[in-house]
Amino acid sequence: MKKLLFLFTILFSMSINAQSGEMRINMWYGTIENSDVEEHLALEKHFKSLWKQQRDAGMLANWEMWQLMNPNEASTHTTYLYVKFYTEENRNSNNQISGIPEGLDQDTWEVVRDKQMSHFKKIYSTNVSYKGGFNNSTEGSKAAEYAVINSMNVNWYKQAEYEDMELKTFMPINKRNGMRAWGLTKVLDQLGTERKTNYYTIDFYNTLEELFTLRSNTSKMSKSVIEAHKKIDQIRSLLSSDIFKLVDNLD
């Protein structure tokens with residue numbers, strides 16, 4: 001089995017064992033008030049218990065929790081990103097679990113679940129497929145703690161050309177530039193004129209200092225790199241580039 005470091009071990013700190021077939025990822029965003037953060041994180045362990053049950057039962061490949069570090073305005077809110085990875089085998093599984101976190105009974109679990117969900121003031125979810133990437137990590141190394149999720153709007157008629165350029169031209173450039181890991185994903189839902197993102201690229205870094213140092217270094221581009229950027233700019237637009245810090249993941 002091939003070991004992938006994705007987005008959110010993607011890219012994601014997490015490392016997962018990819019089975020045959022397409023890897024799909026659910027990205028679930030939830031925004032809560034800062035005053036609820038302490039309680040929210042304390043209750044999150046019960047939800048993590050459920051995701052571990054699902055993974056142990058072969059229904060889920062991995063789970064990660066990330067925190068948005070660069071909201072576009074000063075805010076009294078915190079946004080978390082919950083990421084679940086599914087292989088084809090996971091998606092076809094008929095296994096079942098109890099659906100109750102370890103150490104809780106049904107009544108207590110319902111109270112915990114309702115309380116946790118009441119924290120969210122805004123939610124958003126999307127599903128993507130994994131198109132390719134690399135992992136510069138060594139066996140047994142600590143997972144990447146920071147991820148940059150780049151939202152892309154790609155010309156509908158040039159998606160195949162775009163994927164080819166990302167994987168054959170820009171993936172090797174990113175690998176040489178010292179990224180911990182990198183991945184390309186395609187949005188499978190949430191499309192339309194009001195939802196322009198149809199691809200995400202994810203960059204992984206060990207530290208925030210590493211990320212900022214790379215961005216701060218303004219080096220002269222070679223002619224070939226400039227031409228490659230000009231070409232890809234004609235078929236895609238960068239809509240946003242958000243920094244996330246790893247909060248938790250399944251061991």
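Quick caveat, the model's predicted, so the values are computed rather than measured. (Residues numbered from 1 in each chain as written. Predicted model: local features only at pLDDT ≥ 70, side-chain atom pairs only at ≥ 80, totals over all residues. Heavy atoms only, no water.)

Asks: Can you lay out the overall build of the chain for me, pointing to particular residues and giving the numbers?
Replies: For the chain, the helix and strand inventory stands at six helices and ten strands. In terms of C-alpha radius of gyration, the chain reaches 19 Å, essentially the compact-globule figure of 18 Å for 251 residues. Expressed as lengths along the three principal axes of its C-alpha atoms, the size of the chain is roughly 65 × 45 × 40 Å. When the 251 residues of the chain are sorted by exposure, 45% land in the buried category. Carbon and sulfur atoms provide 48% of the accessible area of the chain, an area that totals close to 13,500 Å². Within the chain, one finds 30 positive and 32 negative side-chain charges whose respective centroids are separated by 8 Å. (Helix = DSSP H or I, 4+ residues; strand = E, 2+ residues; numbered from the N terminus. Rg over C-alpha atoms; globule rule 2.2 N^0.38 Å. Buried < 20%, exposed > 50% of the residue type's maximum accessible area, 1.4 Å probe, protein only. Areas by Shrake-Rupley, 256 points an atom, 1.4 Å probe, with all protein chains shown as cover. Lys, Arg positive; Asp, Glu negative; His and termini not counted. Charge placed at Lys NZ, Arg CZ, Asp CG, Glu CD.)

Asks: Mind laying out the packing of aromatic side chains, listing which residues take part and the relevant values?
Replies: Counting across every chain of the model gives ten aromatic pairs. With 5.0 Å between their ring centres and 80 degrees between their planes, Trp28 and Phe120 make a pair best called edge-to-face. On the criterion of sequence distance, the pair formed by Trp28 in strand β3 (residues 24–33) and Phe120 in strand β6 (residues 120–135) is long-range, its members being 92 residues apart. We classify Trp28 as partly exposed; its relative accessible area is 21%. Within the aromatic cluster, the residues linked to one another by ring pairs are Trp28, Tyr80, Tyr82 and Phe120. If you follow Lys84 out to its NZ or CZ, it ends over the ring of Trp51, 3.6 Å from the centre. (Phe/Tyr/Trp six-rings, centres within 6.5 Å; stacked < 30°, edge-to-face > 60°. Lys NZ or Arg CZ within 6 Å of the ring centre and 35° of its normal.)

Asks: Just give me the short version of the sheet that holds strand β7 (residues 146–154), but keep the residues and values in it.
Replies: On the basis of which strands lie adjacent, the closed barrel formed by eight strands has the order β3-β5-β4-β10-β7-β9-β8-β6 and antiparallel pairing. Taken pair by pair, the neighbouring strands of this sheet meet at an average axis angle of 35 degrees, ignoring direction. Relative to the sheet, helix α5 (residues 208–216) contacts β7, β9 (199–205) and β10 (236–249), its axis offset from that of β10 by approximately 160 degrees. (Pairing = 2+ DSSP bridges. Axes fitted to C-alpha atoms, helices over the stretch in contact; angles between N-to-C directions. Contact = heavy atoms within 4.5 Å.)

Asks: An account of a nonpolar patch on the surface is needed here, citing residue identities and associated values.
Replies: On the surface, Trp156, Tyr157 and Leu191 cluster together into a nonpolar patch covering about 450 Å² of accessible area. For Leu191, a relative accessible area of 42% translates into the label partly exposed. (Patch = residues over 30% accessible without salt bridge, like charges linked within 9 Å, V, L, I, M, F, W, Y side chains within 5 Å. Salt bridge = Lys/Arg side-chain N within 4 Å of Asp/Glu carboxyl O.)

Asks: Which residues make up the pairing of β6, and what values go with them?
Replies: Pairing of β3 with β6, which is carried by nine bridges, proceeds in the antiparallel orientation. Residue pairing in the sheet places Gly30 in a bridge with Ile123 of β6.

Asks: Account for the pattern of salt bridges, with residues named and values stated.
Replies: Within this structure, the stated rule accounts for eight salt bridges. We note a salt bridge from Lys115 to Glu39, for which the minimum N-O separation is 3.9 Å. Remark: Glu39 occurs in helix α1 (residues 37–56) and Lys115 occurs in helix α3 (residues 106–118); sequence separation between them is 76 residues. Judged by relative accessible area, which is 39%, Lys115 ranks as partly exposed.

Asks: Provide a residue-level description of the nonpolar core, including the pertinent values.
Replies: Ile25, Met27, Trp66, Leu81 and Ile149 are the most contacted members of the largest nonpolar core, which totals 22 residues. When contributions to this core are tallied by element, the ones reaching two or more residues are β3, β4 (62–68), β5 (77–86), β6, β7, β8 (181–187), β9 and β10. Residues Tyr162, Leu211, Val225 and Ile243 belong to the second largest nonpolar core, which totals 21 residues. (Core = buried A, V, L, I, M, F, W, Y, C linked by side-chain atoms within 4.5 Å.)

Asks: Let's hear about unusual backbone geometry: which residues, and what values?
Replies: Of note in this structure, Gln190 is not a glycine but carries a positive phi near 55 degrees. In this structure, Gln190 sits in the loop between β8 and β9. By relative accessible area, which is 22% here, Gln190 ends up partly exposed.

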